[in-house]
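Spelled out, the chains give:
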Amino acid sequence: MKTYHFQITEELDGERIDKALGFLTDSLSRSFIQKLIKEGGVSVNGIQILKASFPLSADDEVIFTLPEAVEPRIEAEDIPLDILYEDSDVIVVNKPKGMVVHPAAGHYSGTLVNALLYYCKDELSGINGVLRPGIVHRIDMDTTGSLIVCKNDFSHNAIAAQLKAHSIKRVYHAICYGNIAEEEGCVNAPIGRHPTDRKKMAVNARNGRPAVTHYQVLERFGGYTYICCQLETGRTHQIRVHMSSIGHPLLGDELYAAGRRAPFKLQGQCLHAMTLGFAHPRTGEYIEVNAPLPEYFTHLLRVLRA
């Protein structure tokens, strides 16, 4: 448990207690602070405060204690898995659209981890904790395709080292807006958190991490282009951010293609993790797995080709 103890300065004299504590503790959201106050967890000068609008005065002493975070119990669920490769060290699955990789706020069931716990039982690496057993990398909820999962800590460390060295082959297929002028290209631009929208990433030269995406045109459809992308790095939303940055956001991307409209019913971005190639963590043998395009993707290609 962590206890906070603040003495209010003149600058915060007359300020609401929830707003003042939000300013003093930038790691806590204002809604969380309001909940804490409502539950009687905050005192001013030794008196319990129950209203978030309570006005503070200079020299007031504010004390509150944060309860210990309790990780929810993640249940095994009998959810079918499309297994592309499996042995005693790793398993490569073809993740469907709409499935979250591991539990997080708002998604504690129906995730890939819930399915893996049922299928693999206790045979999953524990390095990433109880919420992410076996998970060494992720793909977005609405991105489909190949994802490697580690069954033990030995393989987890070995695959993590390959990811860090950028030696794992990762090829994605996507459909983007517009007609890309060149047949192939490379976007070499650092990616970091968006400066004003915390849900988004952005090309950010000041605070971003190096990110490189190679792309090649596979087919053109006038207002849309079918491409494959090979990653050198694996930043959050990398392909989505990079393609948007050059004026060709992915079809269906509700986050990075704001304002674009297409006459297709899509659930999120049209992006598929096709190829995953890696050195086996125990034998060193090169293994390459290909996830077939999902039905929605092949249907969309048929429509565009018609």
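Thresholds, definitions, all that
- Residues numbered from 1 in each chain as written.
- Predicted model: local features only at pLDDT ≥ 70, side-chain atom pairs only at ≥ 80, totals over all residues.
- Heavy atoms only, no water.
- Helix = DSSP H or I, 4+ residues; strand = E, 2+ residues; numbered from the N terminus.
- Buried < 20%, exposed > 50% of the residue type's maximum accessible area, 1.4 Å probe, protein only.
- Contact = heavy atoms within 4.5 Å.
- Lys, Arg positive; Asp, Glu negative; His and termini not counted.
- Charge placed at Lys NZ, Arg CZ, Asp CG, Glu CD.
- Axes fitted to C-alpha atoms, helices over the stretch in contact; angles between N-to-C directions.
- Parallel < 35°, antiparallel > 145°, perpendicular 65-115°, else oblique.
- Left-handed = near helix turned anticlockwise from the far one by under 90°.
- Nonpolar A, V, L, I, M, F, W, Y, C, P; charged D, E, K, R; others polar.
- Core = buried A, V, L, I, M, F, W, Y, C linked by side-chain atoms within 4.5 Å.

Draft legend 1. How the structure looks around the overall build of the protein chain. Secondary structure assignment for the protein chain yields six helices and 15 strands. Seen through its C-alpha atoms, the protein chain measures out along the principal axes to roughly 70 × 45 × 35 Å. Out of the 306 residues in the protein chain, the part that is buried amounts to 46%. In the protein chain, the share of contacts with a sequence separation of at least 24, taken over all contacts with a separation of at least 6, comes to 64%. Positive and negative side-chain charges of the protein chain, numbering 32 and 35 respectively, have mean locations separated by a distance of 5 Å.

Draft legend 2. Geometry of the packing of helix α1 (residues 17-24) against helix α2 (residues 30-38). Across the interface, α1 lies against α2 with an axial gap of 9 Å and an inter-helix angle of 130 degrees. Taken together, the axis directions place α1 and α2 in an arrangement best described as oblique. α2 is crossed by α1, and the crossing has right-handed handedness. On α2, the residues touching Ile 17, Asp 18, Lys 19, Leu 21 and Gly 22 of α1 are Arg 30, Ile 33, Gln 34 and Ile 37. Residue composition of the contact of α1 with α2, by class: four nonpolar, two polar and three charged.

Draft legend 3. Molecular detail of the environment of Val 136. With respect to the helices, strands and loops of the structure, Val 136 is situated in the loop between α3 (112-120) and β7 (144-150). With 23 residues separating them in the primary sequence, Val 136 and Ile 159 have C-alpha atoms 7.4 Å apart. Apart from residues no more than four positions distant in its own chain, Val 136 is found in contact with Asn 128, Ile 148, Cys 150, His 156, Ile 159, Ala 160 and Leu 163.

Draft legend 4. Geometry of unusual backbone geometry. Although it is not a glycine, Asn 45 adopts a positive phi angle of roughly 55 degrees. Here Asn 45 lies in the loop between β2 (42-44) and β3 (47-49). In this model, Lys 121 sits at a positive phi of 60 degrees, which is unusual for a non-glycine residue. Looking at the secondary structure, you find Lys 121 in the loop between α3 and β7.

Draft legend 5. Molecular detail of the nonpolar core. Residues Leu 116, Ile 227 and Ile 239 are the most contacted members of the largest nonpolar core, which totals 32 residues. Of all elements in the fold, only β6 (90-95), α3, β7, β8 (169-177), β12 (212-220), β13 (224-231), α5 (238-245) and β14 (271-279) reach the threshold of two or more residues within this core. No other element matches the five residues that α3 contributes to this core. For Ile 239, the residues in contact, after removing those within four places along its chain, are Tyr 172, Thr 213, Cys 229, Leu 231, Leu 250 and Leu 271. Of all hydrophobic cores here, the second largest spans 19 residues; its members include Phe 6, Ile 8, Leu 12 and Leu 66.

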